[in-house]
Amino acid sequence: MFASAYDHKADDAVAVQDSNSPWVTKKQPKKCRDPIFAVLLYANVAAIIGVYAKYGTNILVDDADAAEADDALVNTDFTPIIYTAGALAGFSLVLSAIFMNILMCIPGFLIKAALFFNIGLCAVAVAVAFYYGSLILGAIAAVFLALTLCYAKMVWSRIPFATANLKTGTSAIRANAGIILMAYVFPVFAAGWTILWSLAVTGIQDTLITCSEVEGETVCTDPNYGIWFVLFVSFFFTHQVLQNCVHCAVSGVVGSWWFTPSANGCCSSAVLGSFVRTMTTSFGSICFGSLLVAIIQAIRQLAEQARQNDEIGQTLACCIDCILGCLESLLEYFNKWAFVYVGVYGYGYCEAGKAVMQLFKDRGWEAVIADDLVGMALFMSSLVVGLISAGVGALIVEVSPWWDEFIIAMGDDTAKIIAAVLGFIIGLVLCSVVMSVIASSVNAAIVLFADAPAEFEQNYPELSGEMREAYQVAHPGSIQ
């Protein structure tokens, strides 16, 4: 219930901002939270670097035998692929920015389109299954279609609120666009970490699995699951931290936008301050939540490895994967909201999770945060950008001289397929970064709308009015 927050006069509202605002009462003292988990992350990275330095494969050293076997690959000119990738990256960045503005203009239409898109995919799956005579798959697809239709009917009245959330989140990012540039740094680190980890693991592969020739057949020993568990935790831990750093930094930016509009700007103090807090005082809390998810992901990977080695039955493997998948989803769901409090107020991980869940419970918002209408619209936008970029990639082959020699050697169709796939991947990945920033801003806006509606009304009355009105439509009687 938000009634009292809006019933004050203007002067009273200022007083609330000064003395009773969550920005004042909940803001935590500046100190490192959960530092032991940050130390674990640093130790993890240092350990993998050490393993790579001692055992890792050196991709910069030429292998004479491999070079002789792959003369065709060595002699291939990759210039057209590099040029095309650069052009597609620039195009995808511009197109992603355009889609962010489209989200501002017609958020409701895109959310409805995403719902119908999912319904259409289910309907196509049903038609294809029955067309090819697969009754079982057709029946399963029909069940999913029915469930999707029921879901669409159930959440239809909540679309205006999701629309207002999306508009608010996008407004916060547009006012502090520099956070998007920072967000692009983390996928680069993630790619570098993947390469480093892979090279390190390749170097110690022989100690994990030993193979020998027995009667003309290659027989390998069972893998050391203890070592593999540590390696998988190492891999997923770092990736989770990089992913959650973006979410936490965006939440901090939205918090500054919400409470202190004067701090807004492309490379403002809100952006830089949030980034610094994320990488320093809040970094341990991010590592804490990330490690929990990484452990579950590592166990799932071990179960899959055991299934592939026929060490556990298919049914048991499926049950284990289902249980672990549910636990992983619950932890990620918890982290999504907990890291908003970490980013905005500087809470420790456990305190943040307790505080934000209690906030939603007090507001009766369990149903509100269960909806993922915005997520569907953002994914559809990323998919559209990827498909458009794929088309542009094929067009570059058609009109650009870059691919002439490649076409002579490999054929026109092969060149277009390569360029289209390259365009789809680049477009999808780059747009997903922008959309992930918007998704984090929307989550932060939902938390702050529940936590600090008076400040929102004071600083952004038009957006506040839209969100209040939309929430009243979705949940009549909840706001007096």
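Every value quoted in this text rests on a predicted model; they were computed, and no experiment measured them.

1. Observations regarding the overall build of the protein chain
In terms of regular secondary structure, the protein chain is built from 24 helices and 2 strands. In the protein chain, buried positions account for 44% of the 480 residues. Long-range pairs, those at least 24 residues apart, make up 81% of the contacts in the protein chain with a sequence separation of at least 6. Carbon and sulfur atoms make up 67% of the accessible area of the protein chain, which totals about 23600 Å².

2. Re the pattern of salt bridges
As enumerated under the stated definition, the model contains 7 salt bridges in all. A salt bridge links Arg-300 to Asp-321; the shortest N-O distance between them is 3.0 Å. Taken together, the residues Arg-300 in helix 16 (residues 283-308) and Asp-321 in helix 17 (residues 314-345) connect sequence positions 21 residues apart. Classification of Arg-300 by relative accessible area gives partly exposed; the value is 25%. Relative accessible area serves as the criterion here: at 32%, Asp-321 is assigned to the partly exposed category. Each of Arg-300, Asp-321 and Glu-328 takes part in salt bridges that share partners, so that together they form one network.

3. A few points about the packing of helix 17 against helix 22 (residues 412-451)
With their axes 9 Å apart at the nearest point, helix 17 and helix 22 run at an angle of 70° to one another. Relative to helix 22, the element helix 17 lies roughly perpendicular. Between helix 17 and helix 22, the contacting residues are Lys-336, Trp-337, Val-340, Tyr-341, Val-344 and Tyr-345 on the first element and Asn-443, Ala-444, Ile-446, Val-447, Leu-448 and Asp-451 on the second. Classifying every residue of the contact of helix 17 with helix 22 by side-chain character gives 9 nonpolar, 1 polar and 2 charged.

4. Observations regarding the packing of aromatic side chains
Centre-to-centre distance and the angle between the planes together describe a pair of aromatic rings. In total, this model carries 29 aromatic pairs according to the counting rule given. Each ring, one from Trp-228 and one from Phe-232, has its centre 5.4 Å from the other, and the planes form 25°; the classification is stacked. With a gap of 4 residues between them, Trp-228 and Phe-232 both fall in helix 14 (residues 225-259), about one helical turn apart. No difference in accessibility class separates Trp-228 from Phe-232, as the two residues are buried. A connected cluster of aromatic rings, assembled from ring pairs, spans Phe-161, Trp-257, Trp-258, Phe-449, Phe-456, Tyr-460 and Tyr-471.

5. Observations regarding a nonpolar patch on the surface
On the surface, Ile-136, Leu-137, Ile-140, Val-143, Phe-144 and Leu-147 cluster together into a nonpolar patch covering about 630 Å² of accessible area. With respect to the helices and strands, Leu-147 occurs in helix 9 (residues 135-155).

6. A short note on the side chain of Ser-441
For Ser-441, the location among the structural elements is in helix 22. A polar contact is formed between the side chain of Ser-441 and the backbone oxygen of Ile-438, at a distance of 2.6 Å. Residues within four places of Ser-441 in sequence aside, it is in contact with Gly-169, Thr-170, Ile-173, Val-250 and Val-254.

7. Things to note about the packing of helix 18 (residues 349-363) against helix 22
Across the interface, helix 18 lies against helix 22 with an axial gap of 10 Å and an inter-helix angle of 60°. In terms of orientation, helix 18 and helix 22 fall into the oblique class. Handedness of the helix 18/helix 22 crossing: left-handed. Residue-level inspection shows Val-356, Leu-359, Phe-360 and Arg-363 of helix 18 in contact with helix 22, the latter providing Ile-446, Val-447, Ala-450 and Asp-451. A class-by-class count of the residues in the contact of helix 18 with helix 22 yields 6 nonpolar, no polar and 2 charged.

8. Brief notes about the side chain of Asn-44
Looking at the secondary structure, you find Asn-44 in helix 4 (residues 35-55). Judged by its relative accessible area of 11%, Asn-44 falls in the buried class.

9. Section: the confidence of the model for the protein chain
Scored by pLDDT, the protein chain comes out at a mean of 83, with 85% of its residues at no less than 70. Scored below 50 in pLDDT, residues 62-74 makes 2 contacts in the model with residues more than four places away or belonging to other chains.

10. A word on unusual backbone geometry
The phi angle at Asp-34 is positive, at roughly 50°, despite the residue not being glycine. Assignment of secondary structure puts Asp-34 in the loop between helix 3 (22-25) and helix 4.

11. Examining the nonpolar core
Among the nonpolar cores identified, the biggest contains 119 residues, and Ile-179, Trp-258 and Ile-438 are the most heavily contacted of them. When neighbours within four sequence positions are excluded, Ile-438 is seen to be in contact with Met-100, Leu-103, Leu-166, Thr-170 and Leu-378.

12. Let's talk about helix 15 (residues 269-279)
Note on helix geometry: an α-helix contains 3.6 residues per turn, so any two residues three or four positions apart are oriented the same way. Within helix 15 the residues assigned to the buried category are Ala-270, Val-271, Ser-274 and Thr-278. Taken down its axis, helix 15 places every buried residue within 100° of arc, on the same side.

13. Side note on the environment of Val-342
Tracing the backbone through its elements, the reader meets Val-342 in helix 17. Classification of Val-342 by relative accessible area gives buried; the value is 0%. As for Val-342 and Ser-282, which are separated by 60 residues in sequence, their C-alpha atoms are 6.6 Å apart. Ignoring sequence-local partners within four residues, the contact set of Val-342 consists of Cys-248, Ser-282, Ser-285, Tyr-347, Gly-348, Tyr-349 and Ala-352.

14. Focus: the state of the cysteines
Under the counting rule described, the total for this entry stands at 0 disulfides. For the unlinked cysteine Cys-287, the closest cysteine sulfur is that of Cys-245, found at 6.8 Å. Here Cys-326 is not disulfide-linked; the sulfur of Cys-322 is the nearest cysteine sulfur, at 4.5 Å. According to the relative accessible area criterion, Cys-326 is partly exposed, its value standing at 44%.

Definitions and limits used
- Residues numbered from 1 in each chain as written.
- Predicted model: local features only at pLDDT ≥ 70, side-chain atom pairs only at ≥ 80, totals over all residues.
- Heavy atoms only, no water.
- Helix = DSSP H or I, 4+ residues; strand = E, 2+ residues; numbered from the N terminus.
- Buried < 20%, exposed > 50% of the residue type's maximum accessible area, 1.4 Å probe, protein only.
- Contact = heavy atoms within 4.5 Å.
- Areas by Shrake-Rupley, 256 points an atom, 1.4 Å probe, with all protein chains shown as cover.
- Salt bridge = Lys/Arg side-chain N within 4 Å of Asp/Glu carboxyl O.
- Axes fitted to C-alpha atoms, helices over the stretch in contact; angles between N-to-C directions.
- Parallel < 35°, antiparallel > 145°, perpendicular 65-115°, else oblique.
- Nonpolar A, V, L, I, M, F, W, Y, C, P; charged D, E, K, R; others polar.
- Phe/Tyr/Trp six-rings, centres within 6.5 Å; stacked < 30°, edge-to-face > 60°.
- Patch = residues over 30% accessible without salt bridge, like charges linked within 9 Å, V, L, I, M, F, W, Y side chains within 5 Å.
- Polar contact = N/O pair within 3.5 Å; in protein donor to acceptor, adjacent residues only side chain to side chain.
- Left-handed = near helix turned anticlockwise from the far one by under 90°.
- pLDDT = per-residue confidence, 0-100.
- Core = buried A, V, L, I, M, F, W, Y, C linked by side-chain atoms within 4.5 Å.
- Arc of directions from axis to C-beta.
- Disulfide = S-S within 2.5 Å.

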